[in-house]
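Working through the structure, step by step
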Amino acid sequence: MNDPWVPTPMTVREVVRETADTVTLTLDTSASPFAFAPGQFNMVYLFGQGEVPISISGHADRPDELVHTIRGVGPVTRPMLDLVPGDVLGIRGPFGTAWPVEEARGTDVIVVAGGIGLAPLRPMIYHLLANRRDYARIVLIYGARQPDQMLFVDELHHWRGRFDLTVEVTVDQGTEDWFGPVGVVTRSLARARFDADDATVVTCGPEVMMRFVVHEAVRMGVPQDRIWASMERNMKCAIGLCGHCQWGPDFVCKQGPVYRWDHIAHRFAEKEL
Amino acid sequence: MHNPRTILSHSDLGTLFATLHAEGRHTIGPTVRDGAIVYDRLIGPDDLPTGVVDEQAPGRYRLRHEGTRRFSWSVGPQSFKRWLHPPELRLFRATRTERGFAVEKPEAPPPLALIGARACELAAMAIQDRVFLGDVVDPHYASRRRDLFIVAVQCDRAASTCFCPSMGSGPRVSRGYDLSLTEVVDEAGHRFVVEIGSEAGRALAAKLPLHAATTDADAPERASAEAEAQIARRMPTDGLREKLLGAVASSNWDDVASRCIGCANCTLVCPTCFCTTVDDVTTLDGTHERVRRWDSCFHPDFSYLHGAGPVRSSVGARYRQWLTHKLATWHDQFGTSGCVGCGRCVAWCPAGIDIVAEAERLAEDA
């Protein structure tokens, strides 16, 4: 019987240092193509250390590689910062729900990310750009705590240089050599130009950020059923058996992490649910 | 199928064990240890409780000696959960290779026979079947469950903590078993009325020294009626899911939190609670083991998130999660309540918190 608890070894092909505490690892899946949908996640196992849920940050059209962007903050993820090409990780997945790439067709798409929340949204951005004709305006709003904590900086520059999408980047705290905007993503959202009646908003970041993003989007006239958010909960299994990620009737690993806002608005308002 | 009831003499209980052992099964059943009746591996009938009855109340469990019966007690702190969904289980072992690691899966356990499973235990197994054999199958539960032989026991008495009739789960064992026993002790002797519940049960019964039941044939029904007559506790199940979901902001959660010490006993004794965590253990020879252990939603770390801490940081929120899951959202997830009315969480709560009383108060609130 296929054992859903046992990871499959995969070899690291490339390591890119994003920030002081974040790396992007590209795993080689050419021997066994890895299919996923933007927004989904894997359980990533480091030998001898343990396993953590990590969203997939690569291109869904490239089944020969699997890309994870990992912030090293705990006993499992911190040693992952030191991996080099040729090292091996264990993978279980993909798990969970996906961003609404179909539902968003024909609409303006507003992507609002905070911190590491840009990683699970990057496959969505890749999809939008790869299928550019299917969508109207595309706006990416990205907030980082500080300039040196920004992910995918080269890519952000490249995207910003394109004429077919708008990129707004902001930081909570500026530094001496930062001349860009300082402030929260909701301010950038309020200033963004898009057709609120016919827009799709996708957001991922700290819960408090998403709460204000949704509040602002709704104020601007975006219908609640056109807003999607990605939830984070403690997860040990990702297959609905360990119980940790329960949120009301849901297992976030199965019914989430990506939710349509009108389905969760009432739950999101409850503290400590 | 026609199932004439038969009699197994008390002195032939050993043959039941021997027949199960001859099939290569480990026999798991009740035995007295540390002042409680627990389920463990039994060698033969001598390991079973003899003349032991239990007294239970909120926060209270005591055994005392009375008579000669083997099964005239209610339920102890453990359920058969620990044998199908073990408290500690190795998911895999990994050893380092030149650049990576190799994974070794655990061996399949020997087939088990459960002896003395009551109606609430069988109902709990049916609930865990829905949890572990749903769209994602847990291979560890599945392999233990698939090869199971179940010798059920009809309750003839109930504890004050029992409330199975209101959960629709007892006291009568009516399905989900291979053989069932009803214990009868009178001037004619000590014996068991045997009911057959499956083809496997029929095949095993054919190997036992059974004789026809004449006057005892209605003993199972009489035992169930006797047990049910002793049960006063009732879960207010009518519309309970909706009432509890509507009571999310009730002040009763703070009230129960002022009594609850967050010890997790209720989740550990519950025969349906299924939550686990994983521990990663690396030994000195460099072998790594990933071990699954029972966990509890009462632990603050259960909902821990980096940067945010526990989602449910207050005891009230954790009690709300447990009770609301058990009695309300379980329906959404698995199409059934998560409670079978065994009363373990009531008896084994050190603070004597009574799930029925709490549900009643919350339901009134809604």
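Residues numbered from 1 in each chain as written. Chains lettered and ligands numbered in written order. Predicted model: local features only at pLDDT ≥ 70, side-chain atom pairs only at ≥ 80, totals over all residues. Heavy atoms only, no water.

Observations concerning the overall build of chain A
From N to C terminus, chain A includes six helices and 14 strands. By the burial criterion, 59% of the 273 residues in chain A qualify as buried. Summarising the internal contacts of chain A: among those between residues at least 6 apart in sequence, 70% fall at separations of at least 24. When the accessible surface of chain A is split by element, carbon and sulfur atoms take 50% of a total near 11200 Å². (Helix = DSSP H or I, 4+ residues; strand = E, 2+ residues; numbered from the N terminus. Buried < 20%, exposed > 50% of the residue type's maximum accessible area, 1.4 Å probe, protein only. Contact = heavy atoms within 4.5 Å. Areas by Shrake-Rupley, 256 points an atom, 1.4 Å probe, with all protein chains shown as cover.)

Examining the interface of chain B and chain A
Much of the literature gives interface size as the accessible area that the parts lose upon coming together. The interface is formed by 51 residues belonging to chain B together with 41 residues belonging to chain A. For the pairing of chain B and chain A, the buried interface totals around 3800 Å² over both sides, and the portion due to carbon and sulfur atoms is 58%. Where chain B packs against chain A, one counts three salt bridges. Two residues, A:Asp87 and B:Arg99, come together in a salt bridge whose shortest N-O distance is 3.2 Å. Across the contact surface, chain B and chain A share 20 residue pairs in polar contact (both at pLDDT 80 or more). Counting residues per element, the side of chain B that touches chain A draws most heavily on helix α11 (residues 315-334) of chain B, which supplies eight residues. (Buried area = accessible area lost by both parts, 1.4 Å probe. Salt bridge = Lys/Arg side-chain N within 4 Å of Asp/Glu carboxyl O. Polar contact = N/O pair within 3.5 Å; in protein donor to acceptor, adjacent residues only side chain to side chain.)

Re the pairing of strand β7 (residues 108-114) of chain A
All names here are of chain A. Taking burial as the measure, the seven residues of β7 include seven buried ones, the bulk of the element. By the alternation rule, side chains of β7 split into Asp108, Ile110, Val112 and Gly114 and Val109, Val111 and Ala113, which are all buried. For β7 and strand β10 (residues 199-204), the ladder comprises six bridges, and the chain directions are parallel. Following the sheet pairing, Val111 is matched in β10 by Val202. Direction of pairing for β7 relative to strand β8 (residues 138-144): parallel, over a ladder of six bridges. Bridged to Ala113 within β8 is Tyr142. In terms of handedness, the path from β7 via helix α1 (residues 118-130) over to β8 forms a crossover that is right-handed. (Pairing = 2+ DSSP bridges. Right-handed = clockwise from strand over helix to strand, strands pointing away.)

As for the side chain of B:Thr6
Residues and elements named next belong to chain B. Here Thr6 shows up in strand β1 (residues 6-9). Since its relative accessible area comes to 17%, Thr6 is described here as buried. Thr6 has contacts with Phe192, Val193, Val194, Leu210, His211 and Ala213, leaving out every residue within four places of it along the chain.

Regarding the sheet that holds strand β14 (residues 288-294) of chain B
All names here are of chain B. Judged by pairing direction, the sheet is antiparallel, and its four strands sit side by side in the order β7-β6-β14-β13 without closing on themselves. Every other strand in the sheet has two partners, leaving β7 (101-104) and β13 (276-282) as the edge strands with one partner each. Strand-to-strand twist in this sheet, taken as the mean axis angle between neighbours without regard to direction, amounts to 25°. Taken together, the four bridges between strand β6 (residues 88-96) and β7 define a ladder with antiparallel strand orientation. Across the sheet, the residue bridging to Arg96 is Phe101, located in β7. (Axes fitted to C-alpha atoms, helices over the stretch in contact; angles between N-to-C directions.)

Observations concerning the environment of A:Cys245
All names here are of chain A. Structurally, the position occupied by Cys245 is in the loop between β11 (227-230) and β12 (246-247). Taking the C-alpha atoms as reference points, Cys245 and Trp178, 67 residues apart in sequence, are found 38 Å from one another. The contact partners of Cys245, leaving out residues within four places of it in the chain, are Arg233, Asn234, Met235, Asp250, Phe251, Val252 and Cys253.

With respect to the domain arrangement of chain A
All names here are of chain A. We note that the domain assignment places domain 1 (8-95) and domain 2 (108-230) within chain A. On the domain 2 side, the residues contacting the 16 residues of domain 1 number 14 residues. Taken over both partners, the interface formed by domain 1 and domain 2 buries close to 1100 Å², and the fraction arising from carbon and sulfur atoms is 62%. Connecting domain 1 to domain 2 are two residue pairs in polar contact (both at pLDDT 80 or more). Listed by contribution, the elements that provide at least two residues to the side of domain 1 that touches domain 2 are β1 (8-19), β2 (22-28) and β5 (65-71). If you tally residues by element for the side of domain 1 that touches domain 2, the top one is β5, at three residues. Residue classes in the side of domain 1 that touches domain 2 are distributed as four nonpolar, nine polar and three charged. (Domains from an automatic or database assignment. Nonpolar A, V, L, I, M, F, W, Y, C, P; charged D, E, K, R; others polar.)

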